[in-house]
Amino acid sequence: PMQRDTIFRIYSMTKAITSTAIMQLHEQKKLNVKDPVSKYLPEFRAATVYNDSGSVPTKRKMTIAHLLTHTAGLVYGSGGEYGKLIKKADAMNRNNSLDQMAKKMAATPLKFEPGTDWAYGTSIDLLGRIVEVASKQPFDAYLQQHILDPLNMHDTSFTVPLTKLDRFSANYTSNGKGTLKLLD
């Protein structure tokens, strides 16, 4: 049964929290959303974009604004040869640090030229690394100090501590037969 203090998964709502952190840093003049990503992550200086013959250097510099609007060319994956490249890069492996993730993303061609298309993808994940660089703090520590604590969001985190696990909501999915099954 639902309780007043039940803890829910917010999944992609972390994108809004990450974007808030970026906008705070923009207001503090620690970064500018018009800045190229390579100003904070030099590994993106040699960004490439995928095409049928492999990859070619990008014509445009990827900016923080491109990341905020999912127009950077970073995607979660897709089919075909490009999908294989994304999977091989293993950038979204949960065991990667944000620094490792960014380096793996930079070594993988973009799906499209920055600013020319839209795709829901890994752009906001990359912003987490930019928060670390611009704030000189670990991402989770920045969020805790500047967003979560001031808003009294004591139960918001990337993980649920064992002491709060009994308050963690059940998670269900369709079983394909018209009813639900419990996910782990």
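Criteria and cut-off values
Residues numbered from 1 in each chain as written. Predicted model: local features only at pLDDT ≥ 70, side-chain atom pairs only at ≥ 80, totals over all residues. Heavy atoms only, no water. Patch = residues over 30% accessible without salt bridge, like charges linked within 9 Å, V, L, I, M, F, W, Y side chains within 5 Å. Areas by Shrake-Rupley, 256 points an atom, 1.4 Å probe, with all protein chains shown as cover. Salt bridge = Lys/Arg side-chain N within 4 Å of Asp/Glu carboxyl O. Helix = DSSP H or I, 4+ residues; strand = E, 2+ residues; numbered from the N terminus. Buried < 20%, exposed > 50% of the residue type's maximum accessible area, 1.4 Å probe, protein only. 1 Å grid on protein atoms, 1.4 Å probe; cavity = no way out; pocket = protein on both sides within 12 Å on 5 of 7 lines; lining within 4 Å. Points joined across faces, edges and corners; volume = space filled by probe spheres on them. Nonpolar A, V, L, I, M, F, W, Y, C, P; charged D, E, K, R; others polar. Expected span 1.5 Å × (residues − 1). Contact = heavy atoms within 4.5 Å. Pairing = 2+ DSSP bridges.

Draft legend 1. Representation of a nonpolar patch on the surface in the model. There is a patch of nonpolar side chains on the surface, built from Tyr76, Met92, Trp118 and Tyr120 and spanning about 430 Å² of accessible area. Counting through the fold element by element, methionine 92 comes out in the loop between helix H3 (80–89) and helix H4 (98–106).

Draft legend 2. Up close: the pattern of salt bridges. Under the defined criterion, the tally for this structure stands at eight salt bridges. In this structure, arginine 129 and aspartate 99 form a salt bridge, with 3.4 Å as the shortest nitrogen-oxygen distance. Here the residue arginine 129 occupies a position in helix H5 (residues 123–135), and aspartate 99 occupies one in helix H4, the gap between them amounting to 30 residues. Residue classification places arginine 129 among the buried positions, given a relative accessible area of 17%. Classification of aspartate 99 by relative accessible area gives partly exposed; the value is 26%. One salt bridge in this structure joins arginine 129 and glutamate 132, with 2.9 Å as the shortest N-O distance. Pair noted here: arginine 129 and glutamate 132 are both in helix H5, with a separation of three residues, about one helical turn. Glutamate 132 sits in the buried class, given a relative accessible area of 18%.

Draft legend 3. Structural view of the layout of surface pockets. Computed from the structure, the largest pocket encloses a volume of approximately 1400 Å³. In terms of lining residues, the largest pocket is bounded by 41 residues, among which Tyr11, Thr14, Arg94, Ser157 and Phe158 are the most central. Put simply, the parts of the chain that give the lining of the largest pocket at least two residues each are helix H1 (14–27), H4, H5 and helix H6 (139–148). Here the lining of the largest pocket takes five residues from H6, the largest share from any one element. The residue inventory of the lining of the largest pocket, partitioned by class, reads 18 nonpolar, 13 polar and 10 charged. Every residue lining the second largest pocket is counted, 16 residues in all, and those nearest its centre are Val75, Ile86, Ala91, Met92 and Thr122. For the lining of the second largest pocket, the secondary structure elements donating two or more residues are H3 and H4.

Draft legend 4. Structural view of H1. Compared with the 20 Å implied by 1.5 Å per residue over 14 residues, the 20 Å span of H1 between its first and last C-alpha is a close match. Among the residues making up H1, those that are buried are Lys15, Ile17, Thr18, Ser19, Ala21, Ile22, Gln24 and Leu25. Contacts from the buried residues of H1 go to helix H2 (64–68), H5 and H6. Among the residues trailing H1, lysine 29 stands out with phi positive, at a value near 60°.

Draft legend 5. Spatial organisation of the pairing of strand E2 (residues 54–57). By the bridge criterion, four bridges tie strand E1 (residues 48–51) to E2 in an arrangement that is antiparallel. In the sheet register, asparagine 51 faces E2, and the bridge partner there is glycine 54. With antiparallel pairing between neighbouring strands as the criterion, E1 and E2 make up a hairpin whose turn holds two residues.

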